[in-house]
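Each chain is listed here by its residues.
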Amino acid sequence: MASILDLARMHDSGDLAGGVSEIASVPGVDSTMVTAVRTAAGQLRLIAWRINDAGPVTRLGDSGETAGAASDIDIAKGARFVVACRDGSGHVKLISWDVDDTGAFITRAGDSGNQAGGATQIRIVALSDNRFVVACRIAEGNVRLITWRLNDDGSLARLADSANAGDTVAEIALCGLSEERAVTAVRTQNGNLKLIVWEVSANGELARLGDSGDAGGPATLIRAVVTEAGMVLTSIRDGAGNLQVMSWEVTEDGSVNALQDSGHQAAGIEDNALVALPDGIVSAVRIAENNLKLIAWSVDQAGTITRRGDSAAQAGTSSHIQLLAGPDVAGANGHSVSLVTAVRTDAGNLKLITWGPPLVRLHFKILSAPTVDTALMLSSMQDVYANAGISVVLASTENLNLPLLNDLDIGVCTLGNTTVEQQQLFANRNDVQTNEVAVYFVRSTNPPFNGCAAHPDARPAAVVAQGATQWTLGHEVGHVLGLLHVDDSDRLMTGGGTANITNLPPALIPIEQSTMIGSALTIPL
(Lines give C-alpha, C1' and ligand atoms only; values in the text may rest on other atoms or scores of the structure.)
Protein backbone atom coordinates (compact mmCIF):
# COMPACT_ATOMS: atom_id res chain seq x y z
CA MET A 1 0.00 0.00 0.00
CA ALA A 2 1.25 3.47 -0.89
CA SER A 3 2.62 5.50 1.99
CA ILE A 4 3.31 9.18 2.60
CA LEU A 5 6.94 8.13 3.19
CA ASP A 6 7.39 6.72 -0.32
CA LEU A 7 9.63 9.63 -1.29
CA ALA A 8 12.35 8.08 -3.43
CA ARG A 9 12.50 9.49 -6.96
CA MET A 10 12.09 6.65 -9.46
CA HIS A 11 11.93 7.97 -13.03
CA ASP A 12 10.49 10.75 -15.14
CA SER A 13 8.97 11.33 -18.57
CA GLY A 14 12.03 13.07 -19.99
CA ASP A 15 11.35 15.28 -23.00
CA LEU A 16 8.14 13.59 -24.14
CA ALA A 17 6.06 16.77 -23.84
CA GLY A 18 6.59 20.33 -25.01
CA GLY A 19 6.15 23.75 -23.48
CA VAL A 20 3.19 24.44 -21.20
CA SER A 21 1.93 27.34 -19.14
CA GLU A 22 -0.76 25.47 -17.16
CA ILE A 23 -1.12 21.87 -15.95
CA ALA A 24 -4.04 19.87 -14.54
CA SER A 25 -3.86 16.13 -13.90
CA VAL A 26 -6.16 13.25 -12.99
CA PRO A 27 -5.68 9.48 -12.63
CA GLY A 28 -6.90 7.37 -15.52
CA VAL A 29 -7.77 3.68 -15.57
CA ASP A 30 -5.35 0.97 -14.50
CA SER A 31 -1.87 2.53 -14.52
CA THR A 32 -2.59 5.58 -16.63
CA MET A 33 -3.04 9.27 -15.98
CA VAL A 34 -4.20 12.18 -18.10
CA THR A 35 -2.79 15.70 -18.09
CA ALA A 36 -4.70 18.68 -19.44
CA VAL A 37 -2.29 21.45 -20.37
CA ARG A 38 -2.25 24.89 -21.91
CA THR A 39 0.39 24.63 -24.59
CA ALA A 40 2.95 27.28 -25.47
CA ALA A 41 0.53 28.37 -28.21
CA GLY A 42 -2.28 28.83 -25.65
CA GLN A 43 -4.24 25.76 -26.76
CA LEU A 44 -5.86 23.09 -24.58
CA ARG A 45 -4.32 19.64 -25.05
CA LEU A 46 -4.92 16.36 -23.24
CA ILE A 47 -2.06 13.85 -22.99
CA ALA A 48 -2.40 10.26 -21.79
CA TRP A 49 0.47 8.56 -19.95
CA ARG A 50 1.32 5.06 -18.79
CA ILE A 51 2.95 4.85 -15.34
CA ASN A 52 4.98 1.64 -15.42
CA ASP A 53 5.38 -0.29 -12.17
CA ALA A 54 9.16 0.27 -12.06
CA GLY A 55 8.64 4.02 -12.48
CA PRO A 56 9.26 4.88 -16.16
CA VAL A 57 6.63 7.06 -17.83
CA THR A 58 5.42 6.42 -21.37
CA ARG A 59 3.49 8.94 -23.46
CA LEU A 60 0.52 7.15 -25.05
CA GLY A 61 -1.33 9.75 -27.09
CA ASP A 62 -2.85 13.23 -27.11
CA SER A 63 -5.88 15.15 -28.27
CA GLY A 64 -4.09 17.19 -30.91
CA GLU A 65 -5.53 20.59 -31.79
CA THR A 66 -9.21 19.76 -31.26
CA ALA A 67 -9.94 21.98 -28.26
CA GLY A 68 -8.94 25.54 -29.15
CA ALA A 69 -7.68 28.32 -26.92
CA ALA A 70 -8.05 27.82 -23.19
CA SER A 71 -6.82 29.03 -19.81
CA ASP A 72 -7.68 28.44 -16.12
CA ILE A 73 -7.71 24.71 -16.91
CA ASP A 74 -8.84 21.96 -14.53
CA ILE A 75 -9.84 18.33 -15.10
CA ALA A 76 -11.96 15.68 -13.36
CA LYS A 77 -12.92 12.11 -14.17
CA GLY A 78 -16.40 10.64 -14.05
CA ALA A 79 -17.87 8.41 -16.73
CA ARG A 80 -15.67 10.50 -19.04
CA PHE A 81 -12.80 12.90 -18.53
CA VAL A 82 -14.18 16.44 -18.26
CA VAL A 83 -12.09 19.58 -18.60
CA ALA A 84 -13.35 22.89 -17.23
CA CYS A 85 -11.62 25.95 -18.64
CA ARG A 86 -11.93 29.55 -19.76
CA ASP A 87 -12.34 29.54 -23.51
CA GLY A 88 -10.99 32.05 -26.01
CA SER A 89 -13.98 34.34 -25.35
CA GLY A 90 -13.36 34.31 -21.59
CA HIS A 91 -16.38 32.10 -20.83
CA VAL A 92 -16.54 28.96 -18.72
CA LYS A 93 -16.64 25.88 -20.93
CA LEU A 94 -16.72 22.18 -20.09
CA ILE A 95 -15.47 19.64 -22.61
CA SER A 96 -15.84 15.89 -22.23
CA TRP A 97 -13.35 13.40 -23.63
CA ASP A 98 -13.10 9.68 -24.33
CA VAL A 99 -9.73 7.98 -23.88
CA ASP A 100 -9.47 4.50 -25.35
CA ASP A 101 -7.99 1.57 -23.40
CA THR A 102 -4.56 2.04 -24.99
CA GLY A 103 -4.47 5.78 -24.32
CA ALA A 104 -3.44 6.33 -27.95
CA PHE A 105 -6.74 7.93 -28.99
CA ILE A 106 -8.25 10.87 -27.13
CA THR A 107 -11.52 12.00 -28.69
CA ARG A 108 -13.59 15.05 -27.92
CA ALA A 109 -17.07 13.76 -27.00
CA GLY A 110 -19.02 16.96 -26.34
CA ASP A 111 -19.07 20.27 -24.53
CA SER A 112 -21.26 22.70 -22.62
CA GLY A 113 -21.65 25.25 -25.39
CA ASN A 114 -22.55 28.78 -24.28
CA GLN A 115 -24.32 27.94 -21.00
CA ALA A 116 -21.95 29.89 -18.72
CA GLY A 117 -20.57 33.40 -18.66
CA GLY A 118 -17.17 34.86 -18.03
CA ALA A 119 -15.06 33.70 -15.08
CA THR A 120 -11.56 32.94 -13.85
CA GLN A 121 -10.09 30.66 -11.14
CA ILE A 122 -12.03 27.70 -12.60
CA ARG A 123 -12.03 24.44 -10.62
CA ILE A 124 -13.96 21.20 -11.22
CA VAL A 125 -14.74 18.08 -9.19
CA ALA A 126 -16.77 14.97 -10.04
CA LEU A 127 -19.37 14.12 -7.39
CA SER A 128 -20.49 11.04 -9.35
CA ASP A 129 -20.02 9.53 -12.80
CA ASN A 130 -22.34 12.05 -14.42
CA ARG A 131 -22.57 14.96 -11.97
CA PHE A 132 -19.91 17.65 -11.71
CA VAL A 133 -19.46 20.86 -9.76
CA VAL A 134 -17.49 23.83 -11.05
CA ALA A 135 -16.32 26.63 -8.78
CA CYS A 136 -15.18 29.87 -10.38
CA ARG A 137 -14.65 33.57 -9.75
CA ILE A 138 -17.21 35.61 -11.66
CA ALA A 139 -16.69 39.15 -12.97
CA GLU A 140 -17.98 40.72 -9.76
CA GLY A 141 -15.28 38.89 -7.81
CA ASN A 142 -17.53 36.40 -6.04
CA VAL A 143 -17.08 32.63 -5.95
CA ARG A 144 -19.89 30.88 -7.79
CA LEU A 145 -20.60 27.16 -7.97
CA ILE A 146 -22.33 25.63 -11.01
CA THR A 147 -23.57 22.07 -11.21
CA TRP A 148 -23.49 20.10 -14.45
CA ARG A 149 -24.85 16.82 -15.77
CA LEU A 150 -22.75 14.78 -18.18
CA ASN A 151 -25.11 13.29 -20.74
CA ASP A 152 -24.68 9.95 -22.48
CA ASP A 153 -23.70 11.65 -25.75
CA GLY A 154 -20.91 13.62 -24.03
CA SER A 155 -22.74 16.95 -23.92
CA LEU A 156 -23.01 18.80 -20.63
CA ALA A 157 -26.17 20.38 -19.24
CA ARG A 158 -26.08 23.20 -16.72
CA LEU A 159 -28.30 22.31 -13.75
CA ALA A 160 -28.09 25.13 -11.19
CA ASP A 161 -25.76 27.62 -9.55
CA SER A 162 -25.11 29.20 -6.18
CA ALA A 163 -26.23 32.66 -7.37
CA ASN A 164 -24.90 35.31 -4.98
CA ALA A 165 -24.28 33.02 -2.00
CA GLY A 166 -20.50 33.09 -2.43
CA ASP A 167 -18.03 35.54 -0.90
CA THR A 168 -15.75 37.91 -2.78
CA VAL A 169 -12.56 35.94 -3.32
CA ALA A 170 -9.10 36.07 -4.87
CA GLU A 171 -8.31 32.33 -4.91
CA ILE A 172 -10.36 29.12 -5.01
CA ALA A 173 -9.71 25.46 -4.22
CA LEU A 174 -12.46 22.85 -4.52
CA CYS A 175 -12.95 19.30 -3.26
CA GLY A 176 -15.86 16.90 -2.96
CA LEU A 177 -16.90 15.59 0.46
CA SER A 178 -19.54 13.18 -0.88
CA GLU A 179 -22.05 12.95 -3.70
CA GLU A 180 -24.14 15.52 -1.80
CA ARG A 181 -21.48 17.94 -0.54
CA ALA A 182 -18.59 20.03 -1.81
CA VAL A 183 -16.15 22.36 -0.05
CA THR A 184 -14.55 25.50 -1.41
CA ALA A 185 -11.38 26.78 0.26
CA VAL A 186 -11.01 30.42 -0.74
CA ARG A 187 -8.94 33.51 -0.15
CA THR A 188 -11.42 36.14 0.94
CA GLN A 189 -11.42 39.86 0.29
CA ASN A 190 -9.42 40.46 3.48
CA GLY A 191 -6.80 37.90 2.45
CA ASN A 192 -7.82 35.11 4.82
CA LEU A 193 -8.48 31.44 4.20
CA LYS A 194 -12.15 30.46 4.49
CA LEU A 195 -13.80 27.07 3.98
CA ILE A 196 -17.39 27.05 2.73
CA VAL A 197 -19.56 23.92 2.72
CA TRP A 198 -22.14 23.46 -0.01
CA GLU A 199 -24.99 20.96 -0.22
CA VAL A 200 -25.72 19.60 -3.70
CA SER A 201 -29.13 18.04 -4.24
CA ALA A 202 -29.86 15.19 -6.65
CA ASN A 203 -31.09 17.69 -9.26
CA GLY A 204 -28.05 19.93 -8.80
CA GLU A 205 -29.52 22.63 -6.56
CA LEU A 206 -26.90 24.28 -4.35
CA ALA A 207 -27.25 25.53 -0.78
CA ARG A 208 -24.60 27.13 1.38
CA LEU A 209 -24.51 25.30 4.73
CA GLY A 210 -21.71 26.87 6.77
CA ASP A 211 -18.18 28.22 6.76
CA SER A 212 -15.07 28.54 8.89
CA GLY A 213 -15.20 32.30 9.41
CA ASP A 214 -11.79 33.88 9.79
CA ALA A 215 -10.19 30.86 11.50
CA GLY A 216 -7.83 30.24 8.58
CA GLY A 217 -5.77 33.43 8.81
CA PRO A 218 -3.82 35.04 5.93
CA ALA A 219 -3.35 32.66 3.02
CA THR A 220 -2.26 32.33 -0.60
CA LEU A 221 -1.53 29.27 -2.78
CA ILE A 222 -4.58 27.54 -1.28
CA ARG A 223 -5.05 23.79 -1.83
CA ALA A 224 -7.54 21.37 -0.21
CA VAL A 225 -8.10 17.61 -0.01
CA VAL A 226 -10.40 15.26 1.88
CA THR A 227 -9.09 12.20 3.74
CA GLU A 228 -10.76 8.78 3.73
CA ALA A 229 -12.18 9.65 7.16
CA GLY A 230 -13.85 12.79 5.80
CA MET A 231 -11.44 15.29 7.37
CA VAL A 232 -10.59 18.31 5.22
CA LEU A 233 -6.91 19.29 4.99
CA THR A 234 -5.71 22.56 3.53
CA SER A 235 -2.20 23.64 2.62
CA ILE A 236 -1.41 27.31 2.14
CA ARG A 237 1.37 29.87 2.11
CA ASP A 238 0.77 31.83 5.30
CA GLY A 239 1.34 35.53 5.97
CA ALA A 240 5.03 34.91 6.64
CA GLY A 241 5.45 33.06 3.33
CA ASN A 242 5.73 29.63 4.94
CA LEU A 243 3.88 26.41 4.21
CA GLN A 244 1.07 25.84 6.68
CA VAL A 245 -1.08 22.70 6.76
CA MET A 246 -4.40 22.83 8.62
CA SER A 247 -7.01 20.21 9.54
CA TRP A 248 -10.75 20.89 9.61
CA GLU A 249 -13.87 19.11 10.83
CA VAL A 250 -17.08 19.41 8.81
CA THR A 251 -20.05 18.58 11.00
CA GLU A 252 -23.34 16.98 9.98
CA ASP A 253 -25.07 20.39 9.78
CA GLY A 254 -22.30 21.80 7.58
CA SER A 255 -20.44 23.80 10.21
CA VAL A 256 -16.65 23.96 9.85
CA ASN A 257 -14.35 23.74 12.88
CA ALA A 258 -10.61 24.36 12.79
CA LEU A 259 -8.75 21.47 14.44
CA GLN A 260 -4.96 21.79 14.29
CA ASP A 261 -2.20 23.25 12.15
CA SER A 262 1.40 22.35 11.37
CA GLY A 263 2.87 25.32 13.22
CA HIS A 264 6.51 26.04 12.41
CA GLN A 265 7.36 22.67 10.86
CA ALA A 266 7.90 24.02 7.32
CA ALA A 267 9.65 26.99 5.70
CA GLY A 268 8.96 29.34 2.78
CA ILE A 269 7.33 28.14 -0.45
CA GLU A 270 6.63 29.55 -3.92
CA ASP A 271 4.20 26.86 -5.16
CA ASN A 272 2.04 24.23 -3.53
CA ALA A 273 0.16 20.97 -4.21
CA LEU A 274 -1.48 18.44 -1.89
CA VAL A 275 -2.66 14.82 -1.99
CA ALA A 276 -4.24 12.51 0.59
CA LEU A 277 -3.06 8.91 1.06
CA PRO A 278 -4.35 6.28 3.51
CA ASP A 279 -1.72 7.14 6.15
CA GLY A 280 -1.67 10.92 5.83
CA ILE A 281 -1.01 13.66 3.29
CA VAL A 282 1.88 14.79 1.11
CA SER A 283 2.68 18.37 0.13
CA ALA A 284 4.59 19.03 -3.08
CA VAL A 285 6.15 22.48 -2.88
CA ARG A 286 8.55 24.73 -4.73
CA ILE A 287 10.94 26.10 -2.15
CA ALA A 288 12.87 29.35 -2.34
CA GLU A 289 15.58 27.88 -4.59
CA ASN A 290 12.81 26.80 -7.05
CA ASN A 291 13.47 23.14 -6.19
CA LEU A 292 10.63 20.66 -5.96
CA LYS A 293 10.28 19.01 -2.55
CA LEU A 294 7.75 16.51 -1.27
CA ILE A 295 6.90 16.71 2.44
CA ALA A 296 5.12 13.89 4.27
CA TRP A 297 2.63 14.60 7.07
CA SER A 298 0.76 12.23 9.37
CA VAL A 299 -2.66 13.31 10.65
CA ASP A 300 -4.26 11.65 13.68
CA GLN A 301 -7.96 11.44 14.53
CA ALA A 302 -7.80 14.73 16.44
CA GLY A 303 -6.32 16.45 13.38
CA THR A 304 -2.82 16.78 14.82
CA ILE A 305 -0.36 17.25 11.95
CA THR A 306 3.18 15.89 12.28
CA ARG A 307 5.94 16.25 9.74
CA ARG A 308 7.40 12.81 9.02
CA GLY A 309 10.08 13.60 6.45
CA ASP A 310 10.71 14.94 2.96
CA SER A 311 12.25 14.06 -0.38
CA ALA A 312 15.34 16.27 0.05
CA ALA A 313 17.00 17.51 -3.16
CA GLN A 314 16.07 14.75 -5.61
CA ALA A 315 13.93 16.58 -8.14
CA GLY A 316 15.48 19.83 -9.39
CA THR A 317 13.68 23.04 -10.25
CA SER A 318 10.03 23.17 -11.21
CA SER A 319 6.79 25.16 -11.09
CA HIS A 320 3.05 24.68 -11.76
CA ILE A 321 3.15 21.62 -9.54
CA GLN A 322 0.48 18.92 -9.65
CA LEU A 323 0.58 15.94 -7.27
CA LEU A 324 -1.35 12.69 -7.66
CA ALA A 325 -1.45 9.35 -5.95
CA GLY A 326 0.26 6.79 -8.18
CA PRO A 327 -1.22 3.51 -9.43
CA ASP A 328 0.36 1.65 -6.47
CA VAL A 329 0.32 -1.56 -8.52
CA ALA A 330 3.30 -3.81 -7.86
CA GLY A 331 4.88 -5.50 -10.84
CA ALA A 332 6.56 -8.89 -10.95
CA ASN A 333 9.69 -7.37 -9.41
CA GLY A 334 7.76 -5.85 -6.50
CA HIS A 335 8.17 -2.27 -7.71
CA SER A 336 5.28 0.19 -7.49
CA VAL A 337 4.69 3.91 -7.97
CA SER A 338 3.12 5.67 -5.00
CA LEU A 339 3.11 9.30 -6.16
CA VAL A 340 3.37 11.23 -9.43
CA THR A 341 4.26 14.90 -9.78
CA ALA A 342 3.45 16.75 -13.00
CA VAL A 343 5.53 19.91 -13.18
CA ARG A 344 6.76 22.66 -15.50
CA THR A 345 10.53 22.51 -15.82
CA ASP A 346 12.96 25.42 -16.01
CA ALA A 347 12.78 25.14 -19.79
CA GLY A 348 8.99 25.54 -19.61
CA ASN A 349 8.20 21.93 -20.53
CA LEU A 350 5.85 19.43 -18.92
CA LYS A 351 7.56 16.61 -17.01
CA LEU A 352 6.09 13.77 -14.98
CA ILE A 353 8.17 12.41 -12.09
CA THR A 354 7.38 9.13 -10.33
CA TRP A 355 8.04 8.42 -6.66
CA GLY A 356 8.10 5.15 -4.74
CA PRO A 357 9.28 3.34 -1.62
CA PRO A 358 12.94 3.99 -0.71
CA LEU A 359 15.27 1.06 -0.13
CA VAL A 360 18.74 0.36 1.22
CA ARG A 361 20.44 -2.79 -0.08
CA LEU A 362 23.01 -4.44 2.19
CA HIS A 363 25.65 -7.09 1.58
CA PHE A 364 27.09 -8.92 4.59
CA LYS A 365 30.78 -9.90 4.46
CA ILE A 366 31.56 -12.04 7.52
CA LEU A 367 35.07 -12.57 8.86
CA SER A 368 33.83 -13.37 12.40
CA ALA A 369 30.23 -13.95 13.35
CA PRO A 370 29.00 -11.35 15.88
CA THR A 371 27.76 -12.30 19.34
CA VAL A 372 24.33 -10.88 18.47
CA ASP A 373 23.01 -12.85 15.52
CA THR A 374 23.10 -10.99 12.20
CA ALA A 375 19.44 -11.84 11.64
CA LEU A 376 18.50 -9.96 14.83
CA MET A 377 20.69 -7.02 13.85
CA LEU A 378 19.03 -6.89 10.45
CA SER A 379 15.46 -7.13 11.79
CA SER A 380 16.22 -4.46 14.42
CA MET A 381 17.55 -2.16 11.71
CA GLN A 382 14.53 -2.87 9.51
CA ASP A 383 12.15 -1.95 12.34
CA VAL A 384 13.83 1.40 12.99
CA TYR A 385 14.24 2.31 9.32
CA ALA A 386 10.63 1.36 8.59
CA ASN A 387 9.50 4.16 10.90
CA ALA A 388 11.33 6.51 8.53
CA GLY A 389 9.70 4.85 5.52
CA ILE A 390 12.89 3.12 4.35
CA SER A 391 13.05 -0.58 3.57
CA VAL A 392 16.21 -2.58 4.18
CA VAL A 393 17.05 -5.66 2.14
CA LEU A 394 19.90 -8.12 2.62
CA ALA A 395 21.02 -8.79 -0.94
CA SER A 396 23.84 -11.29 -0.23
CA THR A 397 25.98 -12.88 2.48
CA GLU A 398 29.58 -13.97 1.96
CA ASN A 399 32.07 -15.51 4.38
CA LEU A 400 35.59 -14.09 4.04
CA ASN A 401 38.76 -15.81 5.19
CA LEU A 402 41.01 -12.81 5.90
CA PRO A 403 42.72 -13.50 9.25
CA LEU A 404 45.07 -10.49 8.96
CA LEU A 405 42.08 -8.13 8.76
CA ASN A 406 39.92 -9.78 11.43
CA ASP A 407 41.23 -7.37 14.08
CA LEU A 408 40.90 -4.28 11.97
CA ASP A 409 42.92 -1.07 12.33
CA ILE A 410 40.37 1.74 11.91
CA GLY A 411 42.53 4.71 12.96
CA VAL A 412 40.56 7.82 13.91
CA CYS A 413 37.36 6.42 12.32
CA THR A 414 36.12 9.66 10.83
CA LEU A 415 34.34 9.94 7.51
CA GLY A 416 36.80 10.28 4.64
CA ASN A 417 39.73 8.90 6.64
CA THR A 418 40.55 5.22 6.20
CA THR A 419 43.53 3.06 7.06
CA VAL A 420 45.41 0.73 4.76
CA GLU A 421 43.65 -2.22 6.40
CA GLN A 422 40.22 -0.70 5.83
CA GLN A 423 41.07 -0.08 2.19
CA GLN A 424 42.22 -3.68 1.82
CA LEU A 425 39.08 -5.05 3.47
CA PHE A 426 36.68 -2.82 1.57
CA ALA A 427 38.13 -3.97 -1.75
CA ASN A 428 36.18 -7.20 -1.22
CA ARG A 429 32.92 -6.19 -2.88
CA ASN A 430 31.72 -9.29 -4.71
CA ASP A 431 28.16 -8.69 -6.01
CA VAL A 432 28.00 -5.21 -4.45
CA GLN A 433 26.84 -2.43 -6.77
CA THR A 434 28.08 1.16 -6.44
CA ASN A 435 24.82 2.29 -4.78
CA GLU A 436 24.74 -0.57 -2.26
CA VAL A 437 26.34 -0.88 1.17
CA ALA A 438 28.79 -3.60 2.22
CA VAL A 439 28.93 -4.44 5.94
CA TYR A 440 32.02 -6.26 7.21
CA PHE A 441 31.73 -8.26 10.44
CA VAL A 442 35.11 -8.51 12.15
CA ARG A 443 36.34 -9.85 15.49
CA SER A 444 37.48 -6.46 16.79
CA THR A 445 38.62 -3.00 15.81
CA ASN A 446 41.67 -1.04 16.89
CA PRO A 447 40.89 1.19 18.74
CA PRO A 448 38.04 -0.90 20.20
CA PHE A 449 34.65 0.28 18.90
CA ASN A 450 31.38 -1.53 18.22
CA GLY A 451 31.60 -0.36 14.63
CA CYS A 452 32.98 2.19 12.21
CA ALA A 453 31.43 3.76 9.11
CA ALA A 454 34.54 5.40 7.61
CA HIS A 455 35.00 4.14 4.04
CA PRO A 456 36.84 5.08 0.84
CA ASP A 457 35.08 7.10 -1.84
CA ALA A 458 32.86 5.01 -4.13
CA ARG A 459 33.00 2.06 -1.72
CA PRO A 460 30.15 2.67 0.74
CA ALA A 461 30.71 0.33 3.67
CA ALA A 462 30.80 -0.09 7.42
CA VAL A 463 32.48 -2.39 9.93
CA VAL A 464 30.66 -4.12 12.80
CA ALA A 465 32.68 -5.72 15.61
CA GLN A 466 31.90 -9.03 17.28
CA GLY A 467 30.71 -7.43 20.52
CA ALA A 468 28.28 -5.01 18.85
CA THR A 469 24.67 -4.55 19.99
CA GLN A 470 21.56 -5.28 17.97
CA TRP A 471 21.36 -1.56 17.05
CA THR A 472 24.94 -1.15 15.82
CA LEU A 473 24.20 -2.23 12.26
CA GLY A 474 21.47 0.38 11.76
CA HIS A 475 23.60 3.02 13.52
CA GLU A 476 26.67 2.49 11.33
CA VAL A 477 24.69 2.30 8.09
CA GLY A 478 22.98 5.52 9.21
CA HIS A 479 26.42 7.15 9.17
CA VAL A 480 27.06 5.78 5.68
CA LEU A 481 23.79 7.44 4.59
CA GLY A 482 24.97 10.78 5.95
CA LEU A 483 23.77 10.88 9.56
CA LEU A 484 25.88 12.31 12.38
CA HIS A 485 26.01 11.57 16.09
CA VAL A 486 23.47 13.27 18.35
CA ASP A 487 23.40 13.91 22.07
CA ASP A 488 20.18 12.02 22.71
CA SER A 489 20.06 8.50 24.12
CA ASP A 490 16.53 7.96 22.75
CA ARG A 491 17.78 8.08 19.16
CA LEU A 492 19.53 5.55 16.95
CA MET A 493 22.35 7.97 16.18
CA THR A 494 23.24 8.62 19.81
CA GLY A 495 26.89 9.41 20.36
CA GLY A 496 26.76 7.70 23.74
CA GLY A 497 26.93 4.15 22.36
CA THR A 498 24.06 1.98 21.16
CA ALA A 499 24.34 -0.14 24.32
CA ASN A 500 23.08 2.91 26.25
CA ILE A 501 19.98 3.63 24.20
CA THR A 502 17.12 4.35 26.60
CA ASN A 503 14.13 4.22 24.27
CA LEU A 504 13.49 1.03 22.34
CA PRO A 505 13.25 0.91 19.45
CA PRO A 506 15.38 4.05 19.04
CA ALA A 507 14.10 6.90 16.91
CA LEU A 508 15.02 8.47 13.61
CA ILE A 509 13.64 12.02 13.41
CA PRO A 510 12.27 13.71 10.24
CA ILE A 511 15.42 15.67 9.42
CA GLU A 512 17.37 12.40 9.57
CA GLN A 513 14.82 10.73 7.31
CA SER A 514 15.31 13.59 4.84
CA THR A 515 19.10 13.12 4.88
CA MET A 516 18.76 9.37 4.34
CA ILE A 517 16.25 9.81 1.50
CA GLY A 518 18.64 12.26 -0.15
CA SER A 519 21.52 9.78 -0.11
CA ALA A 520 22.51 8.18 -3.41
CA LEU A 521 22.46 4.88 -1.49
CA THR A 522 18.73 5.10 -0.77
CA ILE A 523 17.29 3.84 -4.01
CA PRO A 524 13.68 3.25 -5.15
CA LEU A 525 12.24 -0.16 -4.35
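Before reading further, recall that the structure is shown in the block above.
Residue positions are given per chain, counting from 1 as you read along its sequence in written order. Reporting in this predicted model follows two pLDDT cut-offs: at least 70 for local features of residues, and 80 or more for side-chain atom pairs to be given and counted; totals over whole chains, interfaces and linings ignore these cut-offs and use all residues. Side-chain metrics in this entry use all non-hydrogen atoms of the structure; hydrogen atoms and water are not considered.

1. Side note on the packing of helix 1 (residues 374-386) against helix 3 (residues 472-480)
Running from N to C, helix 1 and helix 3 cross one another at 55 degrees; their axes reach a closest spacing of 7 Å. Classified by the interaxial angle, the pair formed by helix 1 and helix 3 is oblique. Two secondary-structure elements touch here, helix 1 through M377, L378, M381 and Y385 and helix 3 through L473, G474, V477 and G478. Its residues placed into classes, the contact of helix 1 with helix 3 shows 6 nonpolar, 2 polar and no charged. Lines fitted to C-alpha atoms define the axes here, with helix axes fitted over just the stretch in contact, and angles between the N-to-C directions of these axes take values from 0 to 180 degrees. The helix count covers DSSP runs of H or I at least four residues long, the strand count covers runs of E at least two residues long, and both are numbered beginning at the N terminus. Geometric relationships in this document are graded by angle, where less than 35 degrees denotes roughly parallel, more than 145 denotes roughly antiparallel, 65 to 115 denotes roughly perpendicular, and other angles denote oblique. The contact definition used throughout considers only heavy atoms, calling two residues in contact when any of these lie within 4.5 Å. Residues are grouped as follows: nonpolar covers Ala, Val, Leu, Ile, Met, Phe, Trp, Tyr, Cys and Pro; charged covers Asp, Glu, Lys and Arg; every other residue, Gly included, is treated as polar.

2. What about the state of the cysteines?
Criterion for a disulfide: a pair of cysteine sulfur atoms at a distance within 2.5 Å. The final tally for this structure, using the stated rule, is 1 disulfide. With a sulfur-sulfur separation of 2.1 Å, C413 is cross-linked through a disulfide to C452. Judged by the sign of its S-S torsion, about 120 degrees, the bond between C413 and C452 is right-handed. Residue C413 is found in the loop between strand 31 (407-409) and helix 2 (420-426), and its partner C452 is found in strand 34 (residues 451-452); the two are separated by 39 residues along the sequence. Free cysteine C85: the closest other cysteine sulfur is in C136, separated by 12 Å. Relative accessibility under 20% of the residue-type maximum defines a buried residue, over 50% an exposed one, and the middle range a partly exposed one, all with a 1.4 Å probe and only protein chains included. Since its relative accessible area comes to 2%, C85 is described here as buried.

3. Brief notes about the side chain of T419
Residue placement: T419 occurs in the loop between strand 31 and helix 2. Looking at T419, the relative accessible area reads 14%, which means it is buried. Leaving out residues up to four positions away in the same chain, T419 has contacts with D409, I410 and G411.

4. Section: the sheet that holds strand 28 (residues 350-356)
Pairing within the open sheet is antiparallel, and its 4 strands lie in the order 1-28-27-26. Edge positions in the sheet fall to strand 1 (8-12) and strand 26 (319-325), since each has one partner strand and no second. Along the sheet, successive strands turn relative to each other by an average axial angle of 25 degrees, direction set aside. DSSP bridges decide pairing: two strands pair if at least two such bridges lie between them. Strand direction decides the pairing type here: strand 1 and strand 28, joined by 3 bridges, are antiparallel. Along strand 28, the bridge assignment pairs A8 with G356.

5. Describing the packing of aromatic side chains
Whether two aromatic rings pair depends on their centres lying within 6.5 Å, for rings of Phe, Tyr and Trp, where Trp uses its six-membered ring; planes under 30 degrees apart make the pair stacked, over 60 edge-to-face, and the rest tilted. On inspection of all chains with the given rule, the structure shows 2 aromatic pairs. Seen from their ring centres, F364 and F441 are 4.9 Å apart, and the 80 degrees between their planes marks the pair as edge-to-face. Taken together, the residues span a long stretch of sequence, with F364 in strand 29 (residues 358-366) and F441 in strand 32 (residues 437-442) at a distance of 77 residues. Taken as a pair, F364 and F441 share a single burial class, namely buried. The cationic tip of K77 hangs over the ring face of F81; the distance from NZ or CZ to the ring centre is 5.6 Å. We count a charge as sitting over a ring when the NZ of a lysine or the CZ of an arginine lies within 6 Å of the ring centre and within 35 degrees of the ring normal.

6. Quick look at a negative patch on the surface
A surface patch of negative charge is lined by D129, E179, E180 and E199. Looking at the secondary structure, you find E180 in the loop between strand 14 (169-176) and strand 15 (181-188). Residues forming no salt bridge and having over 30% relative accessible area are the ones grouped into patches, like charges within 9 Å of each other and nonpolar side chains (Val, Leu, Ile, Met, Phe, Trp, Tyr) within 5 Å. To be clear on the numbers: accessible area is Shrake-Rupley with a 1.4 Å probe, and residue cover counts the displayed protein chains and nothing else. Any Lys or Arg side-chain nitrogen found within 4 Å of a carboxyl oxygen on Asp or Glu counts as a salt bridge. Charge assignment in this entry is limited to Lys and Arg as positive and Asp and Glu as negative, and neither His nor the chain termini are counted. Charged side chains are reduced to one point each, which is NZ for Lys, CZ for Arg, CG for Asp and CD for Glu.

7. As for unusual backbone geometry
Look at the link from N446 to P447: it is a cis peptide, with omega at 0 degrees. On the secondary structure map, P447 appears in the loop between strand 33 (444-446) and strand 34. Between L504 and P505 the backbone carries a cis peptide bond, its omega angle lying at -5 degrees. Residue position: P505 is located in the loop between helix 3 and helix 4 (510-517). At D30, a position not held by glycine, the phi torsion is positive, near 55 degrees. Despite not being glycine, A458 shows a phi value in the positive range, around 70 degrees.

8. Some remarks on the environment of G478
If you trace the backbone, G478 turns up in helix 3. A residue is classified by how much of its surface remains accessible, and G478, at 0% relative accessible area, is buried. Counting along the chain gives 16 residues from G478 to A462, while the straight-line C-alpha distance between them is 9.8 Å. Dropping the residues within four chain positions of it, G478 is found in contact with Y385, L483 and M493.

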